[in-house]
Amino acid sequence: MNFTISYLKVKDHSVSGEEFELLLDPELQLLRTAPQPSIQNLGRYYESEDYISHTDSKRSLFEKLYHAVKQKALRDKVKLITGLTGSKGNLLDIGAGTGDFANEAQKSGWTVTGFEPSEKARAIAKSKGVHLVDDTADLSEGTFDIITMWHVLEHVPDVEKQITELKRLVKPGGHIVIAVPNFKSFDANYYGAYWAAYDVPRHLWHFSKTAIEKLFGVQDIKLVKILPMNFDSFYVSLLSEKYKTGKMSFVKGFITGLRSNMKGMSSGEYSSHIYVLKR
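Residues numbered from 1 in each chain as written. Predicted model: local features only at pLDDT ≥ 70, side-chain atom pairs only at ≥ 80, totals over all residues. Heavy atoms only, no water.

(A) Structural detail: the side chain of Ser240. With respect to the helices and strands, Ser240 occurs in helix H8 (residues 230–245). According to the relative accessible area criterion, Ser240 is buried, its value standing at 0%. Only 2.9 Å separates the side chain of Ser240 from the backbone nitrogen of Ala196, close enough to count as a polar contact. Residues in contact with Ser240, not counting those within four places in the same chain, are Tyr191, Tyr194, Trp195 and Ala196. (Helix = DSSP H or I, 4+ residues; strand = E, 2+ residues; numbered from the N terminus. Buried < 20%, exposed > 50% of the residue type's maximum accessible area, 1.4 Å probe, protein only. Polar contact = N/O pair within 3.5 Å; in protein donor to acceptor, adjacent residues only side chain to side chain. Contact = heavy atoms within 4.5 Å.)

Quick look at the structure:
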């Protein structure tokens with residue numbers, strides 16, 4: 001990786017208020033957050049009740065809407081992975097959060113193993129009956145038909161090491177499903193430094209289609225399908241409006257999210273993508 005170009009300066013709007021720089025690798029079309037917090041210090045940037053993927057809170061209208069839409073998204077995700085295999089098998093969900101996807105897949109007949117580093121989120125996931133491991137390194141090679149990382153790869157300190165581990169764990173012919181934000185989307189360009197999906201420094205990396213294809217291609221893992229995550233444009237635009245204006249403007253956020261999806265229909269660049277890869 002060769003991060004030679006300063007792309008943008010972005011503030012941590014949700015926890016610390018600190019400013020970070022996004023550096024671009026022009027060949028990979030990958031952004032790196034700089035400086036990246038040490039492993040020892042990274043946890044403090046997640047210490048917020050507003051970090052929604054680590055809580056089941058429904059305190060505000062925004063959180064209630066998020067969790068309502070999430071239920072449909074969970075069913076769609078299970079339908080997606082089942083369609084890839086044609087049957088139920090062994091699933092590894094890395095970054096399981098509070099265990100909702102793992103639980104939904106389990107109920108659908110999948111044999112599920114989860115991994116989640118956050119103690120708070122782990123406790124909630126375990127209460128839902130999700131089987132969690134302390135370290136994926138303890139898992140046997142070629143165990144899983146499907147490995148999922150739903151908005152997780154951007155949080156991983158060493159992306160190349162993580163991809164190597166994914167290849168080790170997935171069965172030959174198995175699938176890896178990655179969901180990440182897309183910094184080339186309309187809403188990313190519209191909001192610039194206020195784009196909520198930059199989410200520095202929790203998001204250490206910021207991906208494009210090119211970045212995913214090349215990073216996994218090095219490991220002979222083939223990108224076979226790219227799908228839009230249509231809800232993400234609305235969610236991200238609502239948060240971005242809050243960061244930009246200090247107010248949660250549902251109307252402006254909805255309009256921008258809708259414009260982003262409409263632009264994505266022609267450009268192929270949505271707010272977030274699901275990448276389906278095959279070993």
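There is more to say after this.
(B) Focus on empty space enclosed by the protein. In total, this model carries one cavity of 30 Å³ or more according to the counting rule given. Of the pockets and cavities examined, the largest cavity occupies roughly 70 Å³. Lining the largest cavity, in full, are Val10, Lys11, Asp12, His13, Ser14, Trp195, Ala196, Tyr198, Asp199, Val200, Arg202 and Tyr243. (1 Å grid on protein atoms, 1.4 Å probe; cavity = no way out; pocket = protein on both sides within 12 Å on 5 of 7 lines; lining within 4 Å. Points joined across faces, edges and corners; volume = space filled by probe spheres on them.)

(C) The arrangement of the pairing of strand E7 (residues 144–150) in detail. Counting buried positions along E7 yields seven of seven residues, so the element is predominantly enclosed. Note: strand E4 (residues 90–94) against E7, three bridges, orientation parallel. The residue of E7 that forms the bridge with Leu92 is Ile147. As defined by bridge partners, E7 adjoins strand E8 (residues 170–181) across six bridges and the pair is classed as parallel. Bridge pairing links Trp150 to Ala179 in E8. Where the polypeptide runs from E7 across helix H5 (residues 159–169) and back to E8, its parallel neighbour, the crossover connection is right-handed. (Pairing = 2+ DSSP bridges. Right-handed = clockwise from strand over helix to strand, strands pointing away.)

(D) A look at the nonpolar core. Grouped together as the largest cluster of nonpolar side chains are 34 residues, with contacts concentrated most on Ile178, Phe207, Phe216 and Leu277. Where this core is concerned, the elements lending two or more residues are E4, E7, H5, E8, helix H7 (209–217) and strand E11 (272–278). With near-sequence residues (within four places) excluded, Phe216 lies in contact with Leu153, Ile163, Leu166, Ile176, Ile178, Ile221 and Leu277. Counting 22 residues, the second-largest nonpolar core is a separate cluster that includes Val78, Trp150, Ala179 and Ile274. (Core = buried A, V, L, I, M, F, W, Y, C linked by side-chain atoms within 4.5 Å.)

(E) Representation of a nonpolar patch on the surface in the model. Together, Val251, Phe254, Ile255, Leu258, Met262 and Met265 make up an exposed nonpolar region whose accessible area comes to about 650 Å². Tracing the backbone through its elements, the reader meets Leu258 in helix H9 (residues 250–267). What makes Leu258 partly exposed here is its relative accessible area of 36%. (Patch = residues over 30% accessible without salt bridge, like charges linked within 9 Å, V, L, I, M, F, W, Y side chains within 5 Å. Areas by Shrake-Rupley, 256 points an atom, 1.4 Å probe, with all protein chains shown as cover. Salt bridge = Lys/Arg side-chain N within 4 Å of Asp/Glu carboxyl O.)

(F) Focus on helix H4 (residues 119–127). Listed in full, the buried residues belonging to H4 are Ala121, Arg122 and Ala125. On an axial view of H4, the arc spanned by its buried residues comes to 105 degrees, and they lie on one face. For H4, the exposed residues lying more than 90 degrees away from the buried face are Glu119 and Ser127. Its buried side turned inward, H4 meets strand E6 (132–133). Immediately beyond the C-terminal end of H4, within one or two residues, lies Gly129, with a positive phi of roughly 85 degrees. (Arc of directions from axis to C-beta.)

(G) Structural detail: the pattern of salt bridges. On inspection of all chains with the given rule, the structure shows nine salt bridges. Among the salt bridges present, the one from Asp12 reaches Arg202, with a minimum N-O distance of 2.7 Å. Of this pair, Asp12 sits in the loop between strand E1 (5–11) and strand E2 (19–25) while Arg202 sits in the loop between helix H6 (186–191) and strand E9 (205–206), placing them 190 residues apart in sequence. For Asp12, a relative accessible area of 1% puts it in the buried group. On the basis of relative accessibility, which here comes to 1%, the residue Arg202 falls in the buried class. Salt bridges linked by common partners bring Asp12, Asp199 and Arg202 together as one network.

(H) Spatial organisation of the pairing of strand E5 (residues 111–115). Across the five residues of E5, four count as buried, placing the element largely inside the fold. Across five bridges, the pairing between E4 and E5 is parallel. The residue bridging Leu92 from the neighbouring strand is Thr113, located in E5. In this view, the connection linking E4 to its parallel neighbour E5 by way of helix H3 (residues 100–107) has right-handed handedness.

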